[in-house]
Amino acid sequence: MATEHTDPLTLEVVELIGTVVARYYDEYEHAAAEHSLTGAQARVLGLLSLRPMPMRRIAQKLKCEPSNVTGIVDRLETRGLVERRPDPSDRRVKLAAPTEKGRRTARELRDGLNFAREPLADLSVEERTVLRDLLRRMLGDDASDAWAPRDA
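Rules and cut-offs
- Residue numbers here run from 1 along each chain, matching the order of that chain's written sequence.
- Predicted model: local features are reported for residues with pLDDT of at least 70 only, side-chain atom pairs are reported and counted for 80 or more only, and whole-chain, interface and lining totals are derived from all residues.
- Excluding hydrogens and water, the side-chain figures rest on all heavy atoms present in the structure.
- Strands here mean DSSP runs of E at least two residues long; helices mean DSSP runs of H or I at least four residues long; both are numbered from the N terminus.
- Throughout this description, buried means an accessible area under 20% of the type-specific maximum (1.4 Å probe, protein chains only), exposed means over 50%, and partly exposed covers the range between.
- Counting rule applied: Lys, Arg positive; Asp, Glu negative; His and chain ends not counted.
- What makes a salt bridge here is a side-chain nitrogen of Lys or Arg within 4 Å of a carboxyl oxygen of Asp or Glu, nothing more.
- Each polar contact in these results corresponds to two N or O atoms within 3.5 Å; when the atoms are within protein, one needs to be able to donate a hydrogen and the other to accept it, and residues that are neighboring in sequence are counted only if both atoms are side-chain atoms.
- Should any heavy atoms of two residues lie within 4.5 Å, those residues are counted as being in contact.
- Here, strands pair whenever DSSP counts at least two bridges between them.
- Lines fitted to C-alpha atoms define the axes here, with helix axes fitted over just the stretch in contact, and angles between the N-to-C directions of these axes take values from 0 to 180 degrees.
- Angle categories are assigned with fixed cut-offs, so that under 35 degrees is roughly parallel, over 145 is roughly antiparallel, 65 to 115 is roughly perpendicular, and the rest are oblique.
- The classification used treats Ala, Val, Leu, Ile, Met, Phe, Trp, Tyr, Cys and Pro as nonpolar, Asp, Glu, Lys and Arg as charged, and all other residues, Gly among them, as polar.

**Here we look at the side chain of Asp-7**
No. 1: Residue position: Asp-7 is located in the segment before helix H1 (8–34).
No. 2: The buried charged residue Asp-7 lacks any salt bridge partner; its closest oppositely charged side chain belongs to Arg-137, at an N-O distance of 14 Å.
No. 3: Here the side chain of Asp-7 touches Leu-9 through a polar contact of 3.1 Å, landing on its backbone nitrogen.

So this is what it looks like as structure tokens:
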């Protein structure tokens with residue numbers, strides 16, 4: 001007897017989500033390479049384009065060690081895409097923030113990701129809203145930090 005977590009519908013949904021994630025990461029890696037960035041560097045830059053944040057928070061968001069983030073930010077800083085600045089609310093903390101060149105690169109990266117945009121264009125506004133709301137519900141608290149379009 002199948003449990004609610006292993007019923008055929010749940011397994012198919014999990015498989016479809018895995019396929020979407022794999023295709024997204026493949027395209028993200030390709031878009032990053034066009035800017036001579038690694039996928040990890042592109043993800044950090046995209047995250048910082050939302051708002052400056054401390055290294056520890058970046059590591060939490062990317063689920064990796066802070067020391068890895070420090071190396072990634074160092075390389076982005078060397079390329080003039082990111083800068084470190086004091087946190088106005090706690091000057092002991094350094095925030096990583098995109099430079100103007102970094103914001104432009106992050107925007108170009110986002111604009112170059114057609115994988116999700118093309119299939120989503122076939123969905124109505126109502127269908128996209130339902131999909132967004134279901135994904136937010138699945139993510140719970142993690143959805144509050146999801147990407148939202150902004151002019152940077």
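**Here's the deal with the environment of Leu-76**
No. 1: One can find Leu-76 in helix H4 (residues 66–78).
No. 2: In this structure, the C-alpha to C-alpha distance between Leu-76 and Leu-45, residues 31 residues apart in sequence, is 8.0 Å.
No. 3: When sequence neighbours within four positions are dropped, the list of residues in contact with Leu-76 reads Leu-37, Gln-41, Val-44, Leu-45, Leu-81 and Val-82.

**A word on the environment of Leu-50**
No. 1: Following the sequence through the fold, Leu-50 ends up in the loop between helix H2 (39–48) and strand S1 (53–54).
No. 2: Spatially, the C-alpha atom of Leu-50 lies 9.4 Å from that of Ala-97, the residues being 47 residues apart in sequence.

**Focus on the pairing of strand S2 (residues 82–87)**
No. 1: As defined by bridge partners, S2 adjoins strand S3 (residues 90–98) across six bridges and the pair is classed as antiparallel. Each bridged residue has a counterpart across the sheet, and for Val-82 the counterpart in S3 is Pro-98.
No. 2: Taking the residues between adjacent antiparallel strands as the criterion, S2 and S3 are bridged by two residues.

**A few points about the packing of H1 against H2**
The description of two helices packed together rests on the angle between their axes and the distance between the axes.
No. 1: The interhelical angle for the contact between H1 and H2, taken along N-to-C directions, is 90°, at an axis separation of 8 Å. In terms of their interaxial angle, H1 and H2 are classed as roughly perpendicular. Across the interface between the two elements, Tyr-25, Tyr-28, Glu-29 and Ala-32 of H1 pack against Gly-39, Ala-42, Arg-43 and Gly-46 of H2.
No. 2: The class makeup of the residues in the contact of H1 with H2 is four nonpolar, two polar and two charged.

**Notes on the sheet that holds S3**
Strands pair in a sheet through their backbones, by hydrogen bonds, and they do so in one of two ways: parallel or antiparallel.
No. 1: Here three strands make up an open sheet; going across it, the order is S1-S3-S2 and the pairing antiparallel. Bordering the open sheet on either side are S1 and S2, each of which pairs with just one other strand.
No. 2: Across the sheet, H4 touches S2 and S3, and the angle it forms with S2 is around 115°.

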